[in-house]
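Inside the fold
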Amino acid sequence: MSLVYLAVTVLAAFGVAFTSVFDVLRGDDVRAHMSEYGLPHRILGPLAVIKAAGALGLLAGLFLPPLGLIAAVCLVVYFLLAEATIVRAGRFGDLGYPLPYLVLSAGSLALYPFA
């Protein structure tokens, strides 16, 4: 396992975990954005749980590599869908919010030790 993979994966896991906690603690702000994107508020909890599970999966993947691969793929898909949702809503100014987490998740996936 390379040091770069380890650093990117840990950074991705902590970043995604932070957004999960942020979704819960700042729920009103997140719900306001969700309304702008045309999403129902009731999915905020499940989305936060999905991100938390992805973050835990990335960390667990350091010890069980297939789990890390699955978590990275799922997080990349999650954040691609988040970007698509923002584009669909026409809120192009918000495209930057999920982008760092998409890049980190994609980095973890790209650096995955396939050997």
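The written sequence of each chain sets the order in which its residues are numbered from 1. Two thresholds apply to this predicted model, a pLDDT of at least 70 for residue-level local features and 80 or more for giving and counting side-chain atom pairs, whereas whole-chain, interface and lining totals are computed over all residues. The side-chain quantities take in all heavy atoms of the structure and omit both hydrogens and water.

Moving on: the packing of aromatic side chains. Remark: the centre distance and the inter-plane angle together describe each pair of aromatic rings, the angle taken between the planes. Between 30 and 60 degrees the pair is tilted, below 30 it is stacked and above 60 it is edge-to-face, where a pair is any two Phe, Tyr or Trp rings, Trp via its six-membered ring, whose centres lie within 6.5 Å. Per the counting criterion, the structure on display carries four aromatic pairs. Ring geometry for Y78 versus F79: centroids 5.0 Å apart, planes at 80°, classification edge-to-face. Buried, partly exposed and exposed residues are distinguished by accessible area as a fraction of the type maximum, computed with a 1.4 Å probe on protein chains only: under 20%, between the cut-offs, and over 50%, respectively. With relative accessibility at 3%, the residue F79 sits in the buried group. One aromatic cluster in this structure is built from Y78, F79 and Y101.

Nonpolar side chains (Val, Leu, Ile, Met, Phe, Trp, Tyr) are joined into patches within 5 Å and like charges within 9 Å, using only residues with over 30% relative accessible area and no salt bridge. Only the protein chains shown count as cover for residues, with accessible areas throughout obtained via the Shrake-Rupley method and a probe of 1.4 Å. For this document, the term salt bridge refers to a Lys or Arg side-chain nitrogen within 4 Å of an Asp or Glu carboxyl oxygen. Taken together, M1, L3 and L6 make up a surface patch of nonpolar side chains, about 330 Å² in accessible area. One can find L3 in helix α1 (residues 3-25). Since its relative accessible area comes to 67%, L3 is described here as exposed. Runs of E in the DSSP output that reach at least two residues are strands. Runs of H or I that reach at least four are helices, and both are numbered from the N terminus.

As a further point, take helix α4 (residues 65-89). Expected span of a helix, by definition, is 1.5 Å for each gap between consecutive residues, and there is one gap fewer than residues. Taking 1.5 Å of rise per residue, 25 residues should cover 36 Å, and α4 covers 36 Å from first to last C-alpha, within 8% of that figure. Here α4 has its buried residues at G68, A71, A72, L75, V76, Y78, F79, E83, T85 and I86. Any two residues whose heavy atoms approach within 4.5 Å are treated as being in contact. Check the buried side of α4 and you find it contacts α1, α2 (27-37), α3 (44-60) and α5 (99-110). Positioned one or two residues after α4, G90 has a phi angle of 75°, which is positive.

UniProt positions are given in the numbering used here, feature names are shortened, and annotations may be inferred rather than shown by experiment. Sequence positions flagged by UniProt for "transmembrane region" (unreviewed entry) are, in local numbering, residues 69-89 and 95-114. For residues 69-89, the helix share is 100%, the strand share is 0%, and the end-to-end C-alpha distance is 30 Å. End C-alpha to end C-alpha, residues 95-114 measures 31 Å, and it is 60% helix and 0% strand.

On to the environment of R88, then. Position of R88 among the secondary structure elements: in helix α4. Residue classification places R88 among the exposed residues on the basis of a relative accessible area of 58%. Sequence separation of R88 and Y37 is 51 residues, and the distance between their C-alpha atoms is 7.8 Å. Discounting residues that sit within four places of it in the chain, R88 has contacts with Y37 and L39. Of note is the side chain of R88, whose polar atom sits 3.1 Å from the backbone oxygen of Y37. Polar contacts, as counted here, are pairs of nitrogen or oxygen atoms within 3.5 Å of one another; within protein the pair requires one atom able to donate a hydrogen and one able to accept it, and residues that are adjacent in sequence qualify only if both atoms are side-chain atoms.

So, on to the pattern of salt bridges. Summed over the entire model, instances satisfying the criterion amount to four salt bridges. The residue D28 makes a salt bridge to R31 at a minimum N-O spacing of 3.8 Å. Of this pair, D28 and R31 both sit in helix α2, three residues apart, which is roughly one turn of the helix. What makes D28 exposed here is its relative accessible area of 63%. Close ionic contact of R91 with E36 constitutes a salt bridge, the shortest N to O distance being 3.0 Å. One end of the pair, R91, is in the loop between α4 and α5; the other, E36, is in helix α2, and 55 residues separate them in sequence. Judged by its relative accessible area of 33%, R91 is partly exposed. With relative accessibility at 38%, the residue E36 sits in the partly exposed group. Each of E36, R91 and D94 takes part in salt bridges that share partners, so that together they form one network.

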